[in-house]
Amino acid sequence: MTFALGLGASLRALTAARLGIQTASHNVANANTPGFSRQRVSFSSSQPIFAQGFQIGSGVEIGEVRRIVDDGLIARIYGQNSLVGSSQARYERLLSIESLFGSDVGGLGETFNGFLGSLSALQANPGDRAFRGGVVQSAQAFTSGLNLIGNGLSSVSETTFDEVRGLAQSVESLAVQLAALNDAVVQAESSGSPANDLRDQREQVAREIASLVDVRQVDRASGALDLIVGGRLLVAGGRSSEVQVTRNADGLTELRIGSEGATADVEGGRIGALLQLERTTGPSYRSRVDAFVRDFTLAFDRLHTTGTPESGPFRTLVSDRGAQDTNGNGILGDELLSQLGLPFDIQTGELRIRVVNESSRDARTHTLRVDPSSTTLADFAAQIEAIPALSGSVDSTGRLRIQAQTGFGFDFSPAIDAQPDDLDVFGGARPSVSTGESGPFDLSALAFPATFTIDDGTTTQVVTLDNSDFEDPTRVTADELAAAIEADASNIDATAADGRVVIQGLSAGAVAEFTLTDGAGSPLAAIGFPSGTYRGQDTGVTVTVGGAYDGATNRSLRVVANGDGEIGVTPGLTVDVFDEEGTLLGTLDVGAGYDGSRLPLADGVTVAFGQGRIRATANESFGVDLVADSDTSDILVALGLNTFFSGDATASTVSVRQEVLDDPNLFSASRNGNSGNAENLLAFESLLAGRRSSLGDVDFEDFIGDLIADIGFETARAERTFESQERLSQDLEQQRLAVSGVDLDEELLNLNAYQQAFEAASRLISVMQEVTDTLINLGSPR
Amino acid sequence: MTRIPSTAFQLRSLIDLRRNLSATSTLQQQIATGRRVQRPSDDPIAAARILPLRAELQRLDRISDNAQSAQSAIDLAGSTVSQVSDLLIRARELSIQAANSTVGGVERQTLANEVEQLLQQLIVVANSENGGRFLFGGTVDDRPPFERVDGPDGSTRVLYRGDRGRREIEVAPGLREATNFPGSEVFFAHDRGPTLLSGRTGLATIPGFDTGVGTDQLEVRVAGLRTEPPAVGIALGNATNEVVGEFDYRFTAPDQLQIGTGPTVTVTPGQNRIPVNGSGDEISLNLVLPITPTLGKLVVEAELTLDGGETFTRVDFQERLIAVEDSLDGSVLHLDVSGLRRAGVEEVTYQGTFDAFQALIEVRDALRATDGPGSAALQDRLQELVGAVDEAQERILAQVQDFGSRSQTLQLTQNRIATLQDNQTAELSRLEDTDLASAISELEVLNINYQAALQVTARALQTSLFNFLA
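Okay, so let's go over this structure. (Residues numbered from 1 in each chain as written. Chains lettered and ligands numbered in written order. Predicted model: local features only at pLDDT ≥ 70, side-chain atom pairs only at ≥ 80, totals over all residues. Heavy atoms only, no water.)

Quick notes on the overall build of chain A
Line of reasoning, step 1. For chain A, the count of helices and strands is 14 helices and 37 strands.
Line of reasoning, step 2. Whereas a compact globule of 782 residues would reach a radius of gyration of roughly 28 Å, chain A reaches 48 Å, over 25% beyond that.
Line of reasoning, step 3. Seen through its principal axes, chain A has C-alpha atoms that stretch 185 × 55 × 45 Å.
Line of reasoning, step 4. Scored against the burial criterion, the 782 residues of chain A give a buried share of 49%.
Line of reasoning, step 5. Surface accessibility of chain A: about 32,900 Å² in total, with carbon and sulfur atoms responsible for 50%.
Line of reasoning, step 6. Charged side chains of chain A number 55 positive and 107 negative; the gap between the two group centres comes to 12 Å. (Helix = DSSP H or I, 4+ residues; strand = E, 2+ residues; numbered from the N terminus. Rg over C-alpha atoms; globule rule 2.2 N^0.38 Å. Buried < 20%, exposed > 50% of the residue type's maximum accessible area, 1.4 Å probe, protein only. Areas by Shrake-Rupley, 256 points an atom, 1.4 Å probe, with all protein chains shown as cover. Lys, Arg positive; Asp, Glu negative; His and termini not counted. Charge placed at Lys NZ, Arg CZ, Asp CG, Glu CD.)

Rendered as structure tokens:
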């Protein structure tokens with residue numbers, strides 16, 4: 001044993017104890033530092049010395065100061081941080097979507113029901129301005145609620161971009177920090193000892209990045225930590241990549257990493273959740289709300305456009321929506337109806353316009369064919385222009401303008417014409433005969449010129465039908481035929497009505513008569529006129545149609561005399577009712593015993609006949625149009641003529657049409673123009689209560705209810721997910737602390753131990769010194 | 001043994017305390033607002049039930065409002081119509097009073113004026129408004145439904161300008177009730193019977209189609225003579241001629257004439273009265289003999305008026321059935337003229353059509369007609385009219401009763417809706433409201449737990465080796 005050896009061992013013991021004390025105090029000092037891992041000095045006994053045949057211990061060997069960490073746990077914490085970040089972002093975002101639909105349970109549903117309630121309140125007093133105001137106000141409350149939701153849902157995508165951009169900047173700066181720390185760690189560890197505190201700091205930065213985006217970490221042998229985000233290298237050693245946020249062609253936010261700007265498929269972390277919400281959840285709710293608005297406004301306005309306002313028939317009506325110049329030729333209105341760029345499609349169908357004479361209250365209904373694939377808006381305006389007392393034009397903004405002459409008004413009411421026998425053919429006071437069938441007539445078998453005579457008792461006139469009278473003799477229209485007869489015979493009137501040709505005497509009364517006699521070519525049978533003498537009567541049969549049609553489709557019935565005789569007198573006299581296909585719907589008994597009462601015609605519609613003579617042999621009949629929908633083409637809704645709502649059929653733009661807001665009397669509660677008629681309100685009510693196949697076979701109310709409930713479910717699920725992820729994260733942190741956390745008691749005990757070791761080592765040195773002194777003084781005198 | 005470093009312990013304690021505090025805050029909010037479900041996500045399952053329940057409650061509220069407004073409209077209609085009953089009672093008294101033989105002409109005029117007052121009141125009542133809308137106009141409720149038309153002859157008609165449209169609102173789930181009342185159904189009679197003629201012109205009525213009400217006078221006048229084929233020398237004579245109709249004539253000799261089935265008589269040039277058909281009726285003819293042809297048809301055409309000569313309907317005997325219109329009120333009378341043989345006046349009675357208006361008008365007219373029937377006839381007429389007033393009264397009372405029972409039904413309906421509302425409200429409350437008793441006791445428990453946790457944590461955190469190694 002050498003003294004030097006003993007001193008050296010003691011010195012190492014002193015150093016070891018001092019190191020231990022320093023490490024313990026470092027641990028105590030950082031007990032509350034986030035991410036700090038406790039450190040330990042590792043000791044081992046040093047290599048023994050072989051002397052004098054013995055292995056002699058040479059004291060302590062100081063190893064290294066190493067932090068205590070569980071690397072697997074750290075990796076799990078990164079992953080968990082991503083999950084917490086994404087579930088939290090998802091929860092927060094859904095909470096804000098949920099609050100769009102109403103901070104309270106209800107919200108949108110409440111305003112919708114308010115609207116229903118105001119419609120119901122109006123039913124009792126359809127003409128009352130205050131209640132009408134209530135309808136308009138509550139509708140506005142409903143549409144502004146929808147706007148709020150629509151705008152809120154679109155701003156979800158706006159805010160996603162802004163928020164992701166902000167978060168991406170954080171990711172980038174954290175990546176820069178991480179890269180710097182990588183450099184520092186590599187440099188520090190090149191000497192061989194672990195860079196404990198730098199690694200702790202680096203982990204902390206990596207954890208923050210993981211809460212924003214999901215990361216995959218790669219530990220390099222050099223001690224560097226590489227991070228991969230969505231398949232792109234975010235940090236490689238001492239280099240970090242740029243992070244950019246862009247919008248793609250669909251307006252969706254994208255995260256790009258690296259100087260080439262490659263998109264990163266981020267799925268986790270806060271950013272991942274926001275991107276996913278922007279792509280799926282937000283649009284799905286938005287499309288559901290938009291589908292609701294589209295279906296609701298279309299169905300509601302189909303009824304509203306064909307209803308009649310309190311203010312009476314329209315004098316001028318300008319469409320709410322204008323045609324767009326979709327073919328780009330600078331001319332508005334020359335596009336086909338299918339290409340006007342309108343939010344709703346125009347269908348092939350019919351539009352009925354009722355023109356009302358304001359003083360006599362006489363109404364005539366005109367039917368316009370609408371074919372969106374061959375009619376332009378300008379053509380359509382010309383069709384309106386052709387209606388007597390109306391003018392139609394396309395104005396400079398592409399809007400359709402309909403105007404009535406002074407003294408006239410118009411609407412689109414499906415009201416039943418109470419006096420359908422306009423020409424007074426059925427039991428008319430004037431003598432008349434009609435063709436048995438409606439045209440077109442096939443006269444190709446006739447040898448032209450063909451003639452027949454009309455004798456009214458005063459003059460006999462010859463009607464000559466020639467090939468040149470008709471465009472196509474196999475398909476002669478009633479109009480052509482009537483015009484040909486009218487041109488040759490001045491002692492009668494020949495007109496075309498409902499596809500039939502009617503010849504009527506010029507004067508009324510029992511003495512008025514005319515006789516039809518076949519001439520060359522015998523054309524009468526080919527046309528469908530029975531030859532013979534037709535007499536008038538002093539008082540014609542009055543026909544009164546009443547009731548309200550409650551059928552679902554538009555129908556065109558024909559009531560035909562079935563036998564000759566006096567209504568109410570002739571035994572067994574009947575009239576037949578045919579539908580548009582010629583199917584017999586029923587036979588009404590108007591013979592002896594009939595007292596002029598109302599007889600059921602079809603679906604809530606009745607007919608009553610006054611007294612007089614009817615003649616089956618003169619083919620007496622009249623047509624009754626039963627209109628369920630006076631606009632089967634949706635052109636009124638599409639253009640915005642007499643609509644209740646305006647906007648682009650989306651939740652963000654829907655509103656009550658400004659004109660109706662200004663004047664609630666424009667709200668169409670009536671279907672026939674009577675101020676006290678509330679049929680349209682009933683129609684609205686049954687519309688709103690009915691299931692909508694276009695909305696998945698639920699009614700509007702349930703659709704909203706389901707929507708809100710779905711958001712509730714999804715938000716609640718997101719909340720539970722967030723809470724459980726957070727709890728998991730807390731548990732992992734607990735576990736990390738259990739491994740790496742600083743236990744003050746432990747450190748204190750260590751401190752105590754090292755202190756005592758230090759004292760012991762110091763004592764050793766002093767013992768050594770005494771021993772040395774003893775040795776030195778051995779030879780010296782006392 | 002697991003290491004539990006003090007930092008881990010602190011973190012754990014903090015998390016637990018926070019959780020406790022958040023539960024406390026949730027409970028506190030539930031108690032403060034009284035709502036257990038603040039947002040749909042608080043309890044999505046309950047929320048999915050709450051939304052339809054709320055909608056259903058709102059619907060019941062609407063229906064209940066509807067039932068109330070329907071009831072008030074019906075009550076108003078009922079009380080309005082019962083005013084008519086009072087008017088009719090007074091009219092009945094006046095008729096009976098006037099029927100007393102001691103009542104003189106002047107007094108009768110006074111009574112007539114009072115009846116006129118009653119009629120005016122009746123029209124005001126029938127044109128009653130409800131909230132600015134006419135109650136009895138059907139769906140035409142923006143103008144007075146009953147219009148009074150006074151003819152130039154002092155006659156009065158009351159015409160209905162409304163329609164028969166009924167407006168019904170939902171007053172109970174699946175039940176509808178009208179809030180407007182077509183006045184024609186309330187005030188006019190509906191059980192029209194065959195129209196009666198009381199004269200001897202030979203006219204016959206046809207069942208149905210007639211639109212007049214009460215009674216009317218139909219006057220048949222001789223309009224002119226037509227011969228078939230056209231004969232020369234025959235014209236109507238100067239004497240009053242009552243005979244109308246279609247007759248065969250035959251000259252067996254230039255001065256021997258037979259008309260119809262009557263006897264052959266000798267005629268002279270100029271004025272002649274010739275019996276027709278052996279019924280005792282004679283036709284006055286002015287003849288210029290000889291007459292050609294000697295065989296033919298004599299048609300004495302008639303003209304009919306219902307409006308005292310304002311308009312005439314000519315009967316040429318070519319049509320068997322004719323319609324005569326009263327230009328004053330537009331009512332139409334359908335007649336079979338095949339039996340028409342005599343000119344004269346027919347009292348037309350439209351059976352079963354006595355409504356309040358008509359009853360008052362007829363009473364007034366009977367009282368006014370000072371130069372009309374004598375006092376005995378007047379008494380008979382007034383007795384008859386008392387019957388008419390009673391008929392009208394019966395109708396009105398039936399209406400009042402109808403309104404009364406509808407109102408009662410509505411009251412019952414409202415009670416039923418109120419019960420439904422209570423049930424639904426209770427259900428809604430169970431779903432979304434805070435159960436205060438349990439919430440408060442839960443809060444109490446949480447509070448105690450929290451305090452205990454605080455104390456224990458404080459104690460545990462205080463203990464450290466530092467305290468003992470000084």
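Thoughts on the interface of chain B and chain A
Line of reasoning, step 1. Taken together, the 58 residues of chain B in the interface contact 74 residues of chain A.
Line of reasoning, step 2. When chain B packs against chain A, the two sides together hide about 5,400 Å² of surface, and 52% of this comes from carbon and sulfur.
Line of reasoning, step 3. Here chain B and chain A share six salt bridges between them.
Line of reasoning, step 4. Here A:Glu685 ties to B:Arg176 by a salt bridge, and the two come within 2.9 Å at their closest N and O atoms.
Line of reasoning, step 5. The tally of links from chain B across to chain A stands at 23 residue pairs in polar contact (both at pLDDT 80 or more).
Line of reasoning, step 6. If you list the elements that add at least two residues to the side of chain B that touches chain A, you get helix H1 (6-33), helix H2 (44-99), strand S5 (168-172), strand S18 (321-325) and helix H8 (465-468) of chain B.
Line of reasoning, step 7. Looking at the side of chain B that touches chain A element by element, the count peaks at 11 residues for H2(B). (Contact = heavy atoms within 4.5 Å. Buried area = accessible area lost by both parts, 1.4 Å probe. Salt bridge = Lys/Arg side-chain N within 4 Å of Asp/Glu carboxyl O. Polar contact = N/O pair within 3.5 Å; in protein donor to acceptor, adjacent residues only side chain to side chain.)

What to know about the pairing of S18(B)
Residue and element names in this part refer to chain B.
Line of reasoning, step 1. Counted residue by residue, S18 has four buried out of five residues, so it is predominantly covered.
Line of reasoning, step 2. Looking at chain direction, S18 and strand S19 (residues 332-336) are connected through five bridges and run antiparallel. Among the inter-strand pairings, Leu 321 is bridged to a residue of S19, identified as Asp 336.
Line of reasoning, step 3. Hairpin connection of S18 to S19: six residues between the antiparallel strands, including Gly 330 at a positive phi of 75°. (Pairing = 2+ DSSP bridges.)

Considerations on a nonpolar patch on the surface
Residues and elements named next belong to chain A.
Line of reasoning, step 1. On the surface, Val 767, Val 771, Leu 775, Ile 776 and Leu 778 cluster together into a nonpolar patch covering about 430 Å² of accessible area.
Line of reasoning, step 2. Looking at the element boundaries, Ile 776 is found in helix H14 (residues 744-776).
Line of reasoning, step 3. We classify Ile 776 as exposed; its relative accessible area is 58%. (Patch = residues over 30% accessible without salt bridge, like charges linked within 9 Å, V, L, I, M, F, W, Y side chains within 5 Å.)

With respect to the packing of H1(B) against helix H7 (residues 436-462) of chain B
Residues and elements named next belong to chain B.
Line of reasoning, step 1. Interaxial distance between H1 and H7 falls to 10 Å at its minimum, and their mutual angle equals 160°. As far as their axial angle goes, H7 and H1 are roughly antiparallel. Considering how the two elements wind past one another, H1 and H7 form a crossing that is left-handed.
Line of reasoning, step 2. Looking at the contact of H1 with H7, its residues break down into 16 nonpolar, seven polar and one charged. (Axes fitted to C-alpha atoms, helices over the stretch in contact; angles between N-to-C directions. Parallel < 35°, antiparallel > 145°, perpendicular 65-115°, else oblique. Left-handed = near helix turned anticlockwise from the far one by under 90°. Nonpolar A, V, L, I, M, F, W, Y, C, P; charged D, E, K, R; others polar.)

Considering the pairing of strand S20 (residues 450-455) of chain A
All names here are of chain A.
Line of reasoning, step 1. Sheet topology note: the S20/strand S21 (residues 460-465) ladder contains six bridges and is antiparallel. Bridged to Thr 451 within S21 is Thr 464.
Line of reasoning, step 2. In this antiparallel pair of consecutive strands, S20 and S21, the connection spans four residues, and Gly 457 shows a positive phi of 90°.
Line of reasoning, step 3. Pairing of S20 with strand S24 (residues 513-518), which is carried by four bridges, proceeds in the antiparallel orientation. In the strand pairing of S24, Asp 455 is matched with Thr 515.

Here's the deal with the environment of A:Gly610
Line of reasoning, step 1. Here A:Gly610 lies in the loop between strand S32 (605-609) and strand S33 (613-614).
Line of reasoning, step 2. On the accessibility criterion, A:Gly610 (12% relative accessible area) is buried.
Line of reasoning, step 3. The contacts of A:Gly610, once residues within four sequence positions are left out, are A:Val541, A:Thr542, A:Ile567 and B:Phe209.

Observations regarding the sheet that holds strand S13 (residues 316-318) of chain A
Residue and element names in this part refer to chain A.
Line of reasoning, step 1. The antiparallel open sheet is built from three strands, whose spatial order is S13-S17-S16. Of all strands in the sheet, those with a lone pairing partner are S13 and strand S16 (390-394), marking the two edges. The mean inter-strand angle of the sheet, taken between neighbouring strand axes irrespective of direction, is 10°.
Line of reasoning, step 2. When S13 meets strand S17 (residues 400-404), the two strands line up antiparallel, connected through three bridges.

What to know about the nonpolar core
Across soluble globular proteins, nonpolar side chains show a tendency to be buried alongside one another.
Line of reasoning, step 1. Within the largest apolar cluster, 86 residues are counted, with the highest numbers of intra-cluster contacts made by A:Phe292, A:Phe644 and A:Phe667.
Line of reasoning, step 2. Among the elements that take part in this core, helix H6 (residues 269-305) of chain A stands out by supplying nine residues, more than any other.
Line of reasoning, step 3. By size, the runner-up hydrophobic cluster in this structure holds 53 residues, among which are B:Val84, B:Leu87, B:Phe181 and B:Val389. (Core = buried A, V, L, I, M, F, W, Y, C linked by side-chain atoms within 4.5 Å.)

Here we look at the packing of aromatic side chains
Line of reasoning, step 1. For the structure shown, the criterion picks out 42 aromatic pairs over all chains.
Line of reasoning, step 2. With a centroid separation of 5.1 Å and an interplanar angle of 35°, the aromatic rings of B:Phe146 and B:Phe357 are classed as tilted. Linking B:Phe146 in strand S3 (residues 146-150) with B:Phe357 in helix H5 (residues 356-368), this pair joins segments that are 211 residues apart in sequence.
Line of reasoning, step 3. Judged by relative accessible area, which is 2%, B:Phe357 ranks as buried.
Line of reasoning, step 4. A connected cluster of aromatic rings, assembled from ring pairs, spans A:Phe112, A:Phe115, A:Phe142, A:Phe292, A:Phe296, A:Phe300, A:Phe644, A:Phe645, A:Phe667, A:Phe684, A:Phe700 and A:Phe703.
Line of reasoning, step 5. The cationic tip of A:Arg247 hangs over the ring face of A:Phe161; the distance from NZ or CZ to the ring centre is 4.3 Å. (Phe/Tyr/Trp six-rings, centres within 6.5 Å; stacked < 30°, edge-to-face > 60°. Lys NZ or Arg CZ within 6 Å of the ring centre and 35° of its normal.)

Some details on helix H4 (residues 129-189) of chain A
Line of reasoning, step 1. With 61 residues, H4(A) ought to run about 90 Å at 1.5 Å a step, and its terminal C-alpha atoms sit 86 Å apart, in line with that.
Line of reasoning, step 2. Between the side-chain oxygen of the N-cap and the backbone nitrogen of A:Ala130 there are 2.8 Å, and the N-cap of H4(A) in question is A:Asp128. (Expected span 1.5 Å × (residues − 1).)

Here we look at the side chain of A:Asn27
Line of reasoning, step 1. Within the secondary structure layout, A:Asn27 lies in helix H1 (residues 3-29).
Line of reasoning, step 2. Ignoring any residue separated from it by four or fewer positions in sequence, one finds A:Asn27 in contact with A:Phe36, A:Arg38, A:Gln39, A:Arg40, A:Val742 and A:Glu747.

Quick look at the packing of H2(B) against H5(B)
All names here are of chain B.
Line of reasoning, step 1. The contact between H2 and H5 brings their axes to 11 Å, and the two run at 25°. With respect to H5, the axis of H2 lies roughly parallel. Regarding H2 and H5, the two cross each other, and that crossing is left-handed. Mapping the contact onto sequence places Val 84, Leu 88, Ala 91, Ser 95 and Ala 98 in H2 and Ala 356, Leu 360, Val 363 and Leu 367 in H5.
Line of reasoning, step 2. Counted by class, the contact of H2 with H5 contains eight nonpolar, one polar and no charged residues.

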